[in-house]
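# Remarks on the overall topology
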Amino acid sequence: MEKNFIVNLIDVTKVYFIGKVKYEVLKGINLDIEKGDFVAIMGPSGGGKSTLLNILGLLDRPTSGKYFFEGKEVSKLSAGELARIRNSRIGFVFQAFHLVPWASALENVLMPLLYGGGITKEKIEYAKNLLERLGLSAYLHFRPPELSGGQQQRVAIARALINNPILLLADEPTGNLDSKSSNEVMDILQELNNQGLTIVMVTHDQEIAKRAKKIKILKDGQFIE
Ligand code: ADP
Ligand code: MG
């Protein structure tokens, strides 16, 4: 695999069985993502978008096919090896933010370090820096319930960036936000992409998707042209 590819999926499928009934959620996905890409994935609800994003994020495995992450085949790695790559190389942002409600904005951003790396003076400075860059310098010690939706999503973005990921995965990052906050979040994602961060974002909003560099439509488990 060439060096500038972050992701190569080759004929990836995902099949669920519920009882004896077989659900083919992904039916042969081929996807190449280069360093610096900003890809929006659209498509109808139930089409497999979150399933695909979870596979990209090493939270789930393909049923068949191959996944190369940074040129290394990861389909068959152990759970521990996957967790190590995930924690150090991939950041996640979700529709519902998934912040810890009793922890401050700053503590939330530091949280991933508890799973590796540890909290150092430098990392605390870096976390403050990230929050400042995202316009939250006045809110370091606010807890999520004291913040607006847009502010909470910006905290979640800072948390996703604390380990300097190479790939940011965002599943409907503006799905719970009003249009003003959505635009602010998209400004941030575009700015991060301009600085070189590779982003894959799921959205059902055409206007939001247009802010990415490429749009892919996933329908019935396959990309359509
Ligand atoms: P989207 O994000 O495009 O709305 P999903 O990837 O969440 O779609 O889901 C695709 C299909 O896979 C849905 O029909 C969903 O019910 C099914 N599905 C997702 N996760 C599971 C699971 N763990 N077990 C069984 N079916 C699942
Ligand atoms: Mg989904």
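Preceding this paragraph is the structure being described.
Please read these numbers as outputs of a predicted model, since none were measured by experiment. (Residues numbered from 1 in each chain as written. Chains lettered and ligands numbered in written order. Predicted model: local features only at pLDDT ≥ 70, side-chain atom pairs only at ≥ 80, totals over all residues. Heavy atoms only, no water.)

## Brief notes about the site of ligand 1
With respect to spatial proximity, the complete set of residues near ligand 1 consists of Tyr16, Ile18, Val25, Pro44, Ser45, Gly46, Gly47, Gly48, Lys49, Ser50 and Thr51. Measuring from an oxygen atom of ligand 1, one finds a backbone N or O atom of Gly46 at 2.7 Å. Contact distances for ligand 1 include 2.9 Å between an oxygen atom and a backbone N or O atom of Ser50. For ligand 1, whose accessible area on its own is 570 Å², the fraction buried by protein is 59%. Taken together, the elements giving at least two residues each to the shell around ligand 1 come down to β1 (5-18) and α1 (49-56). Broken down by element, the shell around ligand 1 gets its largest block of residues, three residues, from α1. In terms of residue class, the shell around ligand 1 is made up of four nonpolar, six polar and one charged. (Near = heavy atom within 4 Å. Polar contact = N/O pair within 3.5 Å; in protein donor to acceptor, adjacent residues only side chain to side chain. Areas by Shrake-Rupley, 256 points an atom, 1.4 Å probe, with all protein chains shown as cover. Helix = DSSP H or I, 4+ residues; strand = E, 2+ residues; numbered from the N terminus. Nonpolar A, V, L, I, M, F, W, Y, C, P; charged D, E, K, R; others polar.)

## Re the nonpolar core
Ranked by size, the top nonpolar core spans 39 residues in total, and within it Leu131, Val155, Ile157, Leu189 and Met201 carry the most contacts. Looking at this core, the elements with two or more residues in it are β3 (38-42), α3 (105-110), α4 (121-133), α5 (149-161), β7 (167-171), α6 (179-194), β8 (198-202) and α7 (206-209). Ranked by residue count, the leading element in this core is α5, at six residues. Once residues within four sequence positions are removed from consideration, Val155 is found in contact with Leu99, Ala105, Asn108, Val109, Leu131, Leu136 and Leu147. Core analysis: the next-biggest nonpolar cluster, separate from the first, contains 31 residues, Val12, Leu82, Ile85 and Val202 among them. (Core = buried A, V, L, I, M, F, W, Y, C linked by side-chain atoms within 4.5 Å. Buried < 20%, exposed > 50% of the residue type's maximum accessible area, 1.4 Å probe, protein only. Contact = heavy atoms within 4.5 Å.)

## Some words on the pairing of β8
For β8, the tally of buried residues reaches five of five residues, placing the bulk of the element in the interior. Residues Thr198, Val200 and Val202 point to one face of β8 and Ile199 and Met201 to the other, with burial holding for every one of them. Here four bridges tie β3 to β8, and the two strands are oriented parallel to one another. Among the inter-strand pairings, Phe38 is bridged to a residue of β8, identified as Ile199. (Pairing = 2+ DSSP bridges.)

## As for a nonpolar patch on the surface
On the surface, Tyr16, Ile18, Val21 and Tyr23 cluster together to form a nonpolar patch covering roughly 390 Å² of accessible area. Taken together, the elements giving at least two residues each to the nonpolar patch come down to β1 and β2 (21-34). Relative to the assigned elements, Val21 resides in strand β2. Accessibility expressed as a relative area gives 46% for Val21, which makes it partly exposed. (Patch = residues over 30% accessible without salt bridge, like charges linked within 9 Å, V, L, I, M, F, W, Y side chains within 5 Å. Salt bridge = Lys/Arg side-chain N within 4 Å of Asp/Glu carboxyl O.)

## Some details on the sheet that holds strand β6 (residues 90-94)
Judged by pairing direction, the sheet is mixed, and its six strands sit side by side in the order β6-β7-β8-β3-β9-β10 without closing on themselves. Only two strands of the sheet have a single neighbouring strand rather than two, namely β6 and β10 (222-224). Shown here is a sheet whose adjacent strand axes are inclined to one another by a mean of 25°, direction ignored. (Axes fitted to C-alpha atoms, helices over the stretch in contact; angles between N-to-C directions.)

## Re the pattern of salt bridges
Applying the stated rule across the entire model yields ten salt bridges. Across the pair Glu70 and Arg89 runs a salt bridge whose closest N-O atoms are separated by 2.8 Å. Remark: Arg89 occurs in helix α2 (residues 79-89) and Glu70 occurs in the loop between β4 (64-69) and β5 (72-73); sequence separation between them is 19 residues. Note on Arg89: relative accessible area 28%, which makes it partly exposed. The closest approach of N and O atoms between Lys180 and Glu184, which form a salt bridge, is 3.2 Å. Here Lys180 pairs with Glu184, and both are found in helix α6, just four residues apart, close to one helical turn. Overlapping salt bridges bring together Arg154, Lys180 and Glu184 as one network.

## A short note on the packing of aromatic side chains
Scanning the model with the defined rule gives three aromatic pairs in all. The ring of Phe223 is capped by Lys216, whose NZ or CZ atom sits 4.7 Å from the centre of that ring. (Phe/Tyr/Trp six-rings, centres within 6.5 Å; stacked < 30°, edge-to-face > 60°. Lys NZ or Arg CZ within 6 Å of the ring centre and 35° of its normal.)

## A closer look at unusual backbone geometry
Even without glycine at this site, His98 takes up a positive phi of about 55°. Considering the arrangement of structural elements, one finds His98 in the loop between β6 and α3. Taking the relative accessible area as the measure of exposure, His98 reaches 48% and is therefore partly exposed. With a phi angle near 50°, Asn164 is a residue other than glycine that sits in the positive phi range. Position of Asn164 among the secondary structure elements: in the loop between α5 and β7.

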